[in-house]
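Fold and contact review
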Amino acid sequence: MGTFFFYLKGTSIWDFVPKHGDSYLIKEIVKIRNDLVVALGGWDRAIDGLSRFVVGNKFLSGKVYDVLRVARVKKPWMSCVWKHFIPPKHSFTVWLASRGRLTTKDRLTFLNLDDVSCYFCRSSPESIGHIFFGCSFTTVVWAEIRKWLGVARDMSTLASAIKWIKKKFKGCRVKDRVVRIAFSSTIFEVWAARNVINFDGGNVSTQDIIARVKTTAYRILYKLNPHFRFTF
Ligand SMILES: [Zn+2]
């Protein structure tokens, strides 16, 4: 019984990212892969899990079908944040944001809102692009988080940030993990803060968000390795 290897266009099925011009078949295979990742509870588990379906040289596709049939989920989560140490609610928020699915005011035009401005800065229309990477409020949060992590690069859009983090921090070093945790946690906390202001009329400062992101990161890292000495 070995690790399940399958290649698409010379790339491991697990790393393959479909492009616009790829064939229908390839896109369908990738969809099944993503469903499997969700059904089995993460990338590592999917890779291990599929290996269990290989007996000798035979791949028991019927068993895979059973798994998918039971837990078919329509959309994949973002692979860069789909790691067992990242809270699912954080991954889910990043995934929703990356798919343009968070209900920012620009998506609620049917409500004819009088005030379409951002809850943080009150000076620009609220959109996903604005609240995460265009807003002066969030810029302060990111600057502080990047300084804390020692990450010099500025991030201008969610898509480019995810792509960059996926490439640069894909390993299992503490730094890789903490960057991914902090990134998804920041997205989550910014969105949560926006909702506190919107629904509860509360007030959230940049320092509140930064403190929450750091606490989340320390808590998870401590859980992963209680003996690790944090130098940041
Ligand atoms: Zn703003």
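These notes cover the structure that comes with them. (Residues numbered from 1 in each chain as written. Predicted model: local features only at pLDDT ≥ 70, side-chain atom pairs only at ≥ 80, totals over all residues. Heavy atoms only, no water.)

1. A closer look at empty space enclosed by the protein
The cut-off we apply is this: Here a cavity denotes grid points, spaced 1 Å and computed from the protein atoms alone, that fit a 1.4 Å probe unable to get out, and a pocket denotes an open set having protein on both sides within 12 Å along at least 5 of 7 lines; residues with an atom within 4 Å of a point are the lining. Grid points are joined across faces, edges and corners, and a volume is the space filled by probe spheres set on the points. A run of DSSP states H or I qualifies as a helix once it reaches four residues; a run of E qualifies as a strand once it reaches two. Both are numbered from the N-terminal end. Residue classes follow a fixed rule: Ala, Val, Leu, Ile, Met, Phe, Trp, Tyr, Cys and Pro count as nonpolar, while Asp, Glu, Lys and Arg count as charged, and any other residue, Gly among them, counts as polar.
Tallying each qualifying case throughout the model produces 2 cavities of 30 Å³ or more. Of the pockets and cavities examined, the largest cavity occupies roughly 70 Å³. Around the largest cavity sit Trp142, Ile145, Arg146, Leu149, Val151, Met155, Trp164, Ile165, Phe169, Val179, Ala182 and Phe183, which together line it. Those elements that provide at least two residues to the lining of the largest cavity are α6 (136-149), α7 (158-168) and α8 (174-200). Top contributing element to the lining of the largest cavity by residue count: α6, with 4 residues. Tallied by class, the residues present in the lining of the largest cavity amount to 11 nonpolar, no polar and 1 charged.

2. What about the packing of α8 against helix α9 (residues 206-224)?
So the rule is basically this: For every element, the axis is a line fit to its C-alpha atoms; helices are fit only across the contacting stretch, and the angle between N-to-C directions ranges from 0 to 180 degrees. These descriptions rest on fixed angle ranges, namely under 35 degrees for roughly parallel, over 145 for roughly antiparallel, 65 to 115 for roughly perpendicular, and the rest for oblique. If you view the pair so one helix is near and one far, a crossing is left-handed when the near helix is turned anticlockwise from the far one by less than a right angle, and right-handed when it is turned clockwise. Contacts: residue pairs with any heavy atoms within 4.5 Å of one another.
At a closest axis distance of 9 Å, the pairing of α8 and α9 adopts a crossing angle of 140 degrees. In terms of orientation, α8 lies oblique with respect to α9. Relative to α9, the crossing made by α8 is right-handed. On the side of α8, the interface is formed by Val174, Arg177, Val178, Ile181, Ala182, Ser185, Thr186, Glu189, Val190 and Ala193, while α9 contributes Ile209, Arg212, Val213, Thr216, Ala217, Ile220, Leu221 and Leu224.

3. Considerations on the environment of isoleucine 47
We count it as follows: The cut-offs for exposure are 20% and 50% of the maximum accessible area for each residue type, with area from a 1.4 Å probe on protein chains only; residues under the lower value are buried, those over the upper are exposed, and the others partly exposed.
Inspection of the secondary structure puts isoleucine 47 in helix α2 (residues 43-51). Relative accessible area serves as the criterion here: at 21%, isoleucine 47 is assigned to the partly exposed category. For the pair isoleucine 47 and valine 37, spaced 10 residues apart in the sequence, the C-alpha separation amounts to 8.3 Å.

4. Focus on the nonpolar core
This is how the line gets drawn: For our purposes a nonpolar core is just a set of buried Ala, Val, Leu, Ile, Met, Phe, Trp, Tyr and Cys residues, chained together by side-chain atoms within 4.5 Å.
Counting residues in hydrophobic clusters, the biggest one holds 47 residues, and the most contacted among them are Phe132 and Phe183. The element that contributes the greatest number of residues to this core is α8, accounting for 10 residues. With 13 residues, the next largest nonpolar core counts Ile13, Val30, Val37 and Trp43 among its residues.

5. Remarks on the coordination of the zinc ion
What counts here: Any N, O or S atom lying within 2.8 Å of the metal counts as a donor, and for Na, K and Ca the limit rises to 3.2 Å; water is left out, so some sites can look incomplete. The geometry test gives tetrahedral to four donors whose angles all lie between 85 and 135 degrees, gives square planar to four donors and octahedral to six donors whose opposite members are over 155 degrees apart with all other angles between 65 and 115, and gives irregular to the rest.
In this structure, Cys118 (SG), Cys121 (SG), His130 (NE2) and Cys135 (SG) serve as the protein donors to the zinc ion, at separations of 2.1 to 2.3 Å. Taken together, the 4 donor atoms coordinating the zinc ion span angles of 104 to 115 degrees at the metal, a pattern that classifies the geometry as tetrahedral.

6. Structural notes on the pattern of salt bridges
Side chains that differ in sign of charge can pair as their charged atoms come close. Heads up, the condition is: Any carboxyl oxygen of Asp or Glu within 4 Å of a side-chain nitrogen of Lys or Arg constitutes a salt bridge here.
Applying the stated criterion across every chain yields a total of 2 salt bridges. Taking the shortest distance from any N to any O, the salt bridge between arginine 122 and aspartate 115 comes out at 3.2 Å. Arginine 122 sits in the partly exposed class, given a relative accessible area of 44%. The class of aspartate 115 is partly exposed, set by a relative accessible area of 38%. Between glutamate 126 and arginine 194 there is a salt bridge whose closest N-O contact spans 2.8 Å. Residue glutamate 126 is located in the loop between α4 (88-98) and α5 (128-133), and its partner arginine 194 is located in helix α8; the two are separated by 68 residues in the primary sequence.

Spatial relationships are all this shows, so hold off on functional conclusions.
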